[in-house]
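Observations on chain architecture
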Amino acid sequence: MPGNPVTYTPLLTGVRNASVVERRRRERVGNALVLAGAAVVLLALLVIPLFLGASILAWLPLPDGAWSRLGILFAGSAKAAVCALVLAVPLGLAAAIFSAQFATPGFRSAFKPVLEILEAIPTVVLGLVAFATLAPWLKANVVTLLALIVAIPALLLAGALAFGGAFRRQAGWLPLWLAPVVFAIVVAVVAGLGPHQTDAIVPPTPWNAVLVGLALGLAAIPMIFSVAEDALMQMPSTHVQAALALGATRWQAIHSIVLPAARPGLIAAFALGASRCLGETMIVLMASGNTPVGDPNPLAGLRSISAELALGLPEAAPPGGAYRMLMLAALVLFVLTFVLNLLAERARAHLRRAQATPVIA
Amino acid sequence: MKRTASGDAALWACAGAAATCLVAIVALLVWLGAAGLSALWPAPIVEIGFADGHAVLGEMAERRGDTLVIRGSERERAGGSYVRVDAHAIVSRSEPRDAFAITLHDGRRLFGRGDVAAAAALLRSIPNAEPAGVAEWPNAHGFFHRTAMFLRDAGRFLAGSTMAPSLTGGAFPALVGTVTLVFLMSLIVMPFGIATAVYLHERRGFAAGLVRSAIANLAGVPSIVYGVLGLGLFVHGIGADVDRWFFADRLPVPTFGSGGLLWAALTLALLTLPVVVVSVEEGLGRIPPGLLAGSLALGATRGETMWRLLLPAARPALLTGLILAIARAAGAVAPLMLVGVVRLAPALPVDGAFPFLHPSRQFMHLGFSVYDAALASPDALRGIPRAYACALLLVIVVVALNLAAIVLRNRLRERYRVLEG
């Protein structure tokens, strides 16, 4: 048996030697410190919007063209976020469904730390890989990327129809069987198509929204996965068992019972992922080219609100028009992410309440 | 039949998504390791001959499609002697065993062929050349000697200074800046984080709910917004006031009124506060309620119980929170760009001169070095490998801290299983 987790020996000396008055005084001081700590947290949340609002209001009016520039920046942020979510939402949600509903506990306990490591990798590193390595490749290989997006799901579905029955018993560890397959598909498509592709699609710039979407999407997967998986794991297994007893297949039970019940949690995952993508700075700063064009083409460059803040603020002096514009941009970013977080929090609270109410009396 | 087919398809789609994530993560980590290490691996010196008889001696800097870029002897300035070569125009390519390389103090590299006397002659022919070491013959050495050279270069990279404006210097100032910043940040965030967690653990009701949702929302605020707050409130607001009151004799040169270590640490403390609070509160929540009841029954007050029993019992959770906060802070670069990180700091933030820690100094940071080397380097073909080397170092630090947190968390669970049993 391991040692006792709580140390008792030094416990009583200070208390035994103190008078009752002294102990009550310590109690009051302790309570005051705890309250002060909590007050600092509340203050921190309040001070951000108050400060940003005050710095804008103090020096109205805004310079000409501030709103149109803000519109372009917002469009840039939105374009980057959409490109990233197109990659991250399907991958994150599907991986979460697998982990929560199909995986063995052994696979789950190994898979989650791997995604936690991805979440821990600093985004400046992902930005570097996108900027220095992926960008030159993507500029010449857009066709390969499109082929990969089609080939991986198509070949997996074909594999499911051909070998699905044989692997049904290994369902809990299936990704380990499929990972080499996915890797082989990627290698085959990249090597086979790489030198032979026609220059049918040539992006105007190597640093574009598709590149941002690839790197930012990878960064957003862990958050979407963990929130969605949490929600799916909260679903009581009795529901699935009841459906199975009534003759449904496992997927029918998941599709018609688990997913609808967990919908608030999935919406929360989407909202938090979107908030993360909108606010992310380093990846967008390094991989987007930072050209302020309001072009919806995903192969064109963009400039996001966060990148504008990182690039512009060190040069802007406090009372100037540029400074106020940037403060307004920061406030817009804060409000956007705040609303998305609030939405996610309310959805999750709704889910918790629904779980607390017993369905079967 | 149709039902099972659609079930198989859905299962394979979900498993395929998980597999794709795994492949992407493994590929990313392998690529980072390979690119980071190969930046420090001694490159062979190649000699490339052309049809017209002339030859180029140098290091292969880049290969993209049919175009090779060779770095020849940099007689004038660093990054000034790249040769772009079409692969089809090459008639011969060799790695002569008598080729040598000399690294100069300012980061330049000189190449030549011959023995020690030839190297000395080459050095004499360059005006004011300061060699950083002796000449080397990398082509003549086998794998083990090259490994030894690699380890020596890695050591130089870790311990060398970048105080001189060179491209090839070490990452030591950036490492010291990162560690000092994170250490100061921990000192600020831990007391507040623990106090807030204790508050949330002990109180229920409207105010506690408000604090709880404030924590949840603070966690979702983008890091760049914290940077804006740090710049506007700490640097331009408080910092300017501090200067006016205490350092008026030095104005208009700002002391605390420009970005510096203290403001960056405060900004990061705000950024990591939610991580600490959530982790500590979870640790307190795991402690069996019998412990609290027993302590109260023996006559201890709530404060004494918290300070002497519950917080010591939650020590692993405090440590987990601290490690996660450090990992998050070490990876946050965007807010630092606004509150005091610089590409070349004139002095370290910690040194032997009183008061040893200089909170108003600007500092260097590993994450910012990655950004700066990749995007702002005057010599891009050296900047990218350097950025990868810094990135590998940063990832090793951050991933090691996170793995430590995961191991600690599992130990914590083991401990309380014993306590409950």
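Residues numbered from 1 in each chain as written. Chains lettered and ligands numbered in written order. Predicted model: local features only at pLDDT ≥ 70, side-chain atom pairs only at ≥ 80, totals over all residues. Heavy atoms only, no water.

Next up on the list: the sheet that holds strand S5 (residues 90-94) of chain B. Residue and element names in this part refer to chain B. Strand order in the open sheet made by the five strands is S4-S3-S2-S1-S5, with antiparallel pairing throughout. What marks the edges here is a single partner per strand, and that holds for strand S4 (82-86) and S5. Neighbouring strand axes in the sheet, compared pairwise and without regard to direction, differ in orientation by 45° on average. Relative to S4, strand S3 (residues 67-71) runs antiparallel, the two sharing five bridges. (Pairing = 2+ DSSP bridges. Helix = DSSP H or I, 4+ residues; strand = E, 2+ residues; numbered from the N terminus. Axes fitted to C-alpha atoms, helices over the stretch in contact; angles between N-to-C directions.)

Before going further, it helps to examine the packing of helix H6 (residues 223-246) of chain B against helix H7 (residues 261-286) of chain B. Residue and element names in this part refer to chain B. Put simply, H6 and H7 touch, their axes get as near as 9 Å, and they point 140° apart. If you check the angle between H6 and H7, you find them oblique. For the pair H6 and H7, the crossing hand works out as right-handed. Across from Ser223, Tyr226, Gly227, Leu229, Gly230, Phe234, Val235, Ile238 and Gly239 in H6, the residues of H7 making contact are Trp263, Leu266, Thr267, Leu270 and Leu271. (Parallel < 35°, antiparallel > 145°, perpendicular 65-115°, else oblique. Left-handed = near helix turned anticlockwise from the far one by under 90°. Contact = heavy atoms within 4.5 Å.)

Residue and element names in this part refer to chain A. By the definition in use, this model includes 16 salt bridges over all chains. Here Arg26 ties to Glu22 by a salt bridge, and the two come within 3.5 Å at their closest N and O atoms. Of this pair, Arg26 and Glu22 are both found in helix H2 (residues 20-57), four residues apart, which corresponds to roughly one turn of the helix. The salt bridge involving Glu229 is made with Lys112; its shortest N-O contact spans 3.1 Å. Of the two residues, Glu229 sits in helix H8 (residues 209-234) while Lys112 sits in helix H4 (residues 105-120), which places them 117 residues apart along the sequence. What makes Glu229 buried here is its relative accessible area of 1%. For Lys112, a relative accessible area of 30% translates into the label partly exposed. The network of salt bridges with shared partners includes Glu22, Arg25 and Arg26. (Salt bridge = Lys/Arg side-chain N within 4 Å of Asp/Glu carboxyl O. Buried < 20%, exposed > 50% of the residue type's maximum accessible area, 1.4 Å probe, protein only.)

Each partner contributes to the interface: chain A provides 102 residues, whereas chain B provides 92 residues. Taking both sides of the interface into account, the surface hidden between chain A and chain B amounts to around 8200 Å²; carbon and sulfur atoms contribute 80%. In this assembly, chain A and chain B are joined by one salt bridge. Glu304 of chain B is the salt-bridge partner of Arg23 of chain A, the closest N and O atoms lying 2.7 Å from each other. For the pair chain A and chain B, the interface holds nine residue pairs in polar contact (both at pLDDT 80 or more). Considering only residue class, the side of chain A that touches chain B consists of 79 nonpolar, 17 polar and six charged. (Buried area = accessible area lost by both parts, 1.4 Å probe. Polar contact = N/O pair within 3.5 Å; in protein donor to acceptor, adjacent residues only side chain to side chain. Nonpolar A, V, L, I, M, F, W, Y, C, P; charged D, E, K, R; others polar.)

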